[in-house]
Structure formats: C-alpha cells, structure tokens
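Geometric and topological summary
Spelled out from the first residue to the last, the chains are:
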Amino acid sequence: MKKLIEMKEAEKENEGGLKELFEPWVRPALIAGLGLAFLQQFIGTNTIIYYAPKTFTNVGFGNSASILGTVGIGAVNVIMTLAAIKIIDKVGRKPLLLAGNAGMVVSLLVLAGVNLFFEHTAAASWTTVICLGVFIVVFAVSWGPVVWVMLPELFPLHVRGIGTGVSTLMLHAGTLIVSLTYPMLMEAVGISYLFIIYAAIGVAAFLFVRFKVTETKGKSLEEIEHDLRNRNGGSGSAAKQQTANL
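Here the structure is a predicted model, which is why all the values come from computation and not from measurement. (Residues numbered from 1 in each chain as written. Predicted model: local features only at pLDDT ≥ 70, side-chain atom pairs only at ≥ 80, totals over all residues. Heavy atoms only, no water.)

With that settled, consider the nonpolar core. Judged by nonpolar contacts, the single largest core of 48 residues is most densely connected at Leu36, Leu97 and Trp143. Elements with a minimum of two residues in this core: α3 (27–42), α6 (63–91), α7 (93–117), α8 (122–140), α9 (143–154), α10 (160–189) and α11 (191–212). The residues contacting Trp143, other than those within four sequence positions of it, are Leu36, Leu39, Gln40, Ile43, Leu97, Asn101, Met104, Val138, Ala205 and Val209. (Core = buried A, V, L, I, M, F, W, Y, C linked by side-chain atoms within 4.5 Å. Buried < 20%, exposed > 50% of the residue type's maximum accessible area, 1.4 Å probe, protein only. Helix = DSSP H or I, 4+ residues; strand = E, 2+ residues; numbered from the N terminus. Contact = heavy atoms within 4.5 Å.)

Next up, the structure:
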C-alpha cells in the first residue's frame, strides 16, 4: 500500500503533457497504445455486437430468433470476459492477443466463405451462429479485456494518464467510425466480403502486435519504463526524475 501511495504521489508531481508524450523514446509506447485501441474496434467486434440482429436476419433467421441470438452473444461476451480475468496474468498479454487474432480471422473467413457459396441455406445460417459465437469467445478472452489492461501499462509513469487518455479517445473514435460505416459497407459489398475485409484487418492486427507491442506480463511499472528507455534511448529529465522518485 505504501508503495502504491508513493507511486501515485510521484506520478502527480511529475505528470507530463502532450509534449512529453511525443518525446522520441516514448513514441513507441504511443504507437502501440494508439494501434491497439484503433485495431480493437476495426477487427469488427462492435459490428457483430451492435448489428447482430441485422446479421442474423440477413442469413435467414426471423426477427425473434435474431434477437435471441443477440442476447446469447452478449451473455457469452460477459462470461468469457470474466474468464479472461483469471488467465491474463498466467498466459500473458501478447499470447492472448495473437491467439485471439488467429481465432477471429479464421471465424471471419469461414463466415465469408459459407455466406458467399451457401447463401440462404440452413448450413449457412447455423454456421453463422457458430462462427459468431466463436468470434465473440476469442475476442472476449483476448482483445476485449487485454487492450484495456495494456493501455496504462505501456506508458511511462509521468505520461501514463495522458497516454491512456489519448489512446482511449482513439478507441472511441474507432467505435464511431466502424458503427457508422458498417451499414453502408454491408449494403455496398455484401456481408461475405465485409467479413473478408475484417479478416484482413485481423491479419494486420496480428502483425502489429507481433512486431510493435511489448509484453508487459510480470513486469513492474518501473521495469516497463526502464526497458522502454533502454530500447529507445530515453534520457528525458522527467523520466529520470520519475525513476528517482520510485
């Protein structure tokens, strides 16, 4: 508890602004934070949750069945998020993100293929239900909670508040863009090709995590900042003072 109080006091005393956030040695953390926040939305999860009734209707389910399916997706999302809380510190952040990407991409490609070649059939309808369920399961144990855990962990203590705030703003901007463009895209290219687009974004997200995001499991806040400064030549006075205070 004493250590936590000291950290909070140090963060308050040495809190930086936008200028410090864009320092060269902090920039990789900013890129990782903004990328994770933006990609969390652009891999398609909110379109599945927000527009699940429309998606189910498009593959042949009635209105009542579509609503029930949406309720089921929401319930699975909540349950698997609770499961993620239990395993995130055991498995690690990056492994969960990468495994989640793989599962979501496969689900989306199967969805695209089934609806492209077997449209308006019973097989397509039920495969859609199963694949959407799998998508939500892997998202809820990976990109859903992990991004929120990692955002404050990525940034040095003196810019943690503003860094997390800017990344969160990017996340909500992504939510707005995806929510507004989904109906137009589905009308323009169809649900099958839209799933392919989201799968391609999922592949890009996999590569981004693989090469641009640092694992933070098992590291103290001081160790995360120390590693960041060593990798990127950080020597800012604020960072030095922050480390001294810790």
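Overall, the coordinates contain one aromatic pair when judged by the stated rule. The ring of Phe211 has Arg210 lying over it, and the distance from NZ or CZ to the ring centre is 5.1 Å. (Phe/Tyr/Trp six-rings, centres within 6.5 Å; stacked < 30°, edge-to-face > 60°. Lys NZ or Arg CZ within 6 Å of the ring centre and 35° of its normal.)

For the protein, the mean per-residue pLDDT works out to 81, and 80% of the residues sit at or above 70. Note on residues 236–246: pLDDT is under 50 here. Beyond four places in sequence and across chains, it has 25 contacts. (pLDDT = per-residue confidence, 0-100.)

Packing of α10 against α11 brings their axes to within 7 Å, and their N-to-C directions diverge by 130°. By the angle class used here, α10 and α11 are oblique. Facing α10, whose interface residues are Val178, Tyr182, Leu185, Met186 and Val189, α11 presents Ile191, Tyr193, Leu194 and Tyr198. A per-class count over the contact of α10 with α11 returns nine nonpolar, no polar and no charged. (Axes fitted to C-alpha atoms, helices over the stretch in contact; angles between N-to-C directions. Parallel < 35°, antiparallel > 145°, perpendicular 65-115°, else oblique. Nonpolar A, V, L, I, M, F, W, Y, C, P; charged D, E, K, R; others polar.)

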